[in-house]
Amino acid sequence: MKFIKSVFTEMKAVTWPTAKQTRRDTFTVIMTSIIFAIYFAVVDWVINMIFQAFLY
């Protein structure tokens, strides 16, 4: 029971992000994921083309 009380006390002390900050951070994560996905797709395609040129 002491643990539960300490959890509630700590949760009241937390500074929660605003909706604007949450949207900004979510946008940053999504855009970073898309950029990395595109980067790795291009690198994979280039490596694939190099291997095809030398193996076939």
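On a predicted model such as this, the values are computed, not experimentally measured, just so you know.

Student: In this structure, what is going on with the overall build of the protein? I would like to understand it.
Tutor: Per the secondary structure count, the protein includes two helices and zero strands. Scaling as 2.2 N^0.38, a compact globule of 56 residues should have a C-alpha radius of gyration of about 10 Å, whereas the protein reaches 23 Å, well beyond that. For the protein, buried positions account for 0% of its 56 residues. Of the roughly 5,700 Å² that the protein leaves accessible, carbon and sulfur atoms contribute 74%.

Student: Whenever I open this one, the packing of aromatic side chains confuses me. Can you help?
Tutor: Note on aromatic pairs: each is described by the distance of the centres and the angle between the planes. This model, assessed by the stated rule, comprises two aromatic pairs. Arranged with centres 5.2 Å apart and planes meeting at 65 degrees, the rings of Y39 and F40 form a pair that is edge-to-face. Among the aromatic residues, ring-to-ring pairing joins F36, Y39 and F40 into one connected group.

Student: I tried to follow the UniProt feature "transmembrane region" (unreviewed entry) in the protein on my own but got confused; where do I start?
Tutor: Per the UniProt annotation, the sites labelled "transmembrane region" (unreviewed entry) are residues 27-51. In the segment residues 27-51, helix accounts for 100% and strand for 0%; the C-alpha atoms at its two ends are 36 Å apart.

Student: Would you take a moment to explain helix 1 (residues 2-13) for this structure?
Tutor: Given 3.6 residues per turn, any residue in an α-helix points the same way as the ones three and four places further on. With 12 residues, helix 1 should reach 16 Å at 1.5 Å per residue; the first-to-last C-alpha distance of 17 Å fits that figure. By the criterion of burial, helix 1 is predominantly exposed, with just zero of the 12 residues buried.

What counts as what
Residues numbered from 1 in each chain as written. Predicted model: local features only at pLDDT ≥ 70, side-chain atom pairs only at ≥ 80, totals over all residues. Heavy atoms only, no water. Helix = DSSP H or I, 4+ residues; strand = E, 2+ residues; numbered from the N terminus. Rg over C-alpha atoms; globule rule 2.2 N^0.38 Å. Buried < 20%, exposed > 50% of the residue type's maximum accessible area, 1.4 Å probe, protein only. Areas by Shrake-Rupley, 256 points an atom, 1.4 Å probe, with all protein chains shown as cover. Phe/Tyr/Trp six-rings, centres within 6.5 Å; stacked < 30°, edge-to-face > 60°. UniProt positions renumbered as here; feature names shortened; annotations may be inferred. Expected span 1.5 Å × (residues − 1).

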